[in-house]
Amino acid sequence: MVSERIGLLGGTFDPIHYGHLLLAEEARQAIPLERVVFAPAGQPPHKLGEPHAPPEHRLRMLELALADQPAFSISRVDLDRPGPHYSVDMLRLVHQEVGPNAELFFLMGMDSLANILTWREPARLLELCRIIVAARPGVYADMSPLRAALPGIVERVLFLSMPQIEISGADLRRRVASGRSIRYQVPETVRLYIEEHQLYR
């Protein structure tokens, strides 16, 4: 018997921005979900020429961004273990955290669904959760190869219609590095934290 429906949103959150928060809130209301858990990755993939914030700063920005929404919380499952970090392993660990009666909904963008066959153990991932997919402008997932490789995937995927805002962490980091404003793209508490700690400079 399902006692609680929980959304799970993983990512580097470097920095957390309104695109992440909008996806979590839209999914919370649409499914509906009792709560949404944000699971920051331990180490973001290295990208040449782009500064990254250390895990402790990314975690603190998450805490600031989620402070006014009691239905949002943070899991340290990826922060507190050595890499490499795979989504299927994160889901196993979160299942242990929330208990056997919780139903997990893994939030992702359409681009992630299109590439899910390249993920580690995609069939097992689908067993551990249902997937909520947010539409993205100009991005489409061809379900035919997914259905062939992962029987039953259609029943495990929910498509979420939501307002489209194109914000990316990479663009925000570049903006900060070049001295441009990121106001109104991240919560003000996050913007001030980035400024105070001179992140992405």
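This report concerns the structure included in the present document. This is a predicted model, so every value here is computed, not measured.

Tallying secondary structure elements over the protein gives 9 helices and 6 strands in all. For a compact globule of 201 residues, the expected C-alpha radius of gyration is about 17 Å, and the protein comes in at 17 Å, within 12% of that figure. Taken over the C-alpha atoms alone, the protein extends approximately 50 × 35 × 35 Å along its principal axes. A burial count over the protein gives 48% of its 201 residues as buried. In the protein, once contacts between residues fewer than 6 apart in sequence are set aside, the share between residues at least 24 apart is 76%. Measuring between centres, the 22 positive side-chain charges of the protein sit 2 Å from its 24 negative side-chain charges.

Attention now moves to the pattern of salt bridges. Applying the stated criterion to the full structure yields 15 salt bridges. A salt bridge links E25 to R28; its shortest N-O distance comes to 2.8 Å. Taken together, the residues span about one helical turn, with E25 and R28 both in helix α1 (residues 18-30) at a distance of 3 residues. The partner of R92 in a salt bridge is D89, with the nearest N and O atoms 2.6 Å apart. Of the two residues, R92 and D89 both sit in helix α3 (residues 87-98), 3 residues apart, roughly one turn of that helix. Judged by relative accessible area, which is 26%, R92 ranks as partly exposed.

Cis rather than trans, the peptide bond between D14 and P15 has omega equal to 5 degrees. The peptide bond linking I31 to P32 adopts the cis configuration, its omega dihedral lying at -10 degrees. By the secondary structure assignment, P32 is in the loop between α1 and β2 (35-40). In this structure, F13 takes a positive phi of about 50 degrees despite not being glycine. Residue position: F13 is located in the loop between β1 (4-11) and α1. One non-glycine residue, Y184, adopts positive backbone phi at about 75 degrees. Mapping Y184 onto the fold places it in the loop between α8 (169-177) and α9 (188-196). Given a relative accessible area of 70%, Y184 falls into the exposed group.

Space inside the second largest pocket adds up to approximately 170 Å³. Around the second largest pocket, the lining residues are V176, G179, R180, S181, I182, R183, R191, I194, E195 and R201. In terms of residues, the lining of the second largest pocket owes the most to one element, α9, which gives 3 residues. Taken together, the residues that form the lining of the second largest pocket break down as 3 nonpolar, 2 polar and 5 charged.

Once that is clear, we can look at the nonpolar core. Counting residues in hydrophobic clusters, the biggest one holds 34 residues, and the most contacted among them are I16, F38, M61, I132 and I194. Listed by contribution, the elements that provide at least two residues to this core are α1, β2, α2 (55-66), β4 (102-109), β5 (130-134), α8 and α9. In terms of residues, this core owes the most to one element, α1, which gives 5 residues. Discounting chain neighbours no more than four positions away, the residues touching M61 are P15, I16, A53, V190, Y193, I194, L199 and Y200.

Definitions and cut-offs
- Residues numbered from 1 in each chain as written.
- Predicted model: local features only at pLDDT ≥ 70, side-chain atom pairs only at ≥ 80, totals over all residues.
- Heavy atoms only, no water.
- Helix = DSSP H or I, 4+ residues; strand = E, 2+ residues; numbered from the N terminus.
- Rg over C-alpha atoms; globule rule 2.2 N^0.38 Å.
- Buried < 20%, exposed > 50% of the residue type's maximum accessible area, 1.4 Å probe, protein only.
- Contact = heavy atoms within 4.5 Å.
- Lys, Arg positive; Asp, Glu negative; His and termini not counted.
- Charge placed at Lys NZ, Arg CZ, Asp CG, Glu CD.
- Salt bridge = Lys/Arg side-chain N within 4 Å of Asp/Glu carboxyl O.
- 1 Å grid on protein atoms, 1.4 Å probe; cavity = no way out; pocket = protein on both sides within 12 Å on 5 of 7 lines; lining within 4 Å.
- Points joined across faces, edges and corners; volume = space filled by probe spheres on them.
- Nonpolar A, V, L, I, M, F, W, Y, C, P; charged D, E, K, R; others polar.
- Core = buried A, V, L, I, M, F, W, Y, C linked by side-chain atoms within 4.5 Å.

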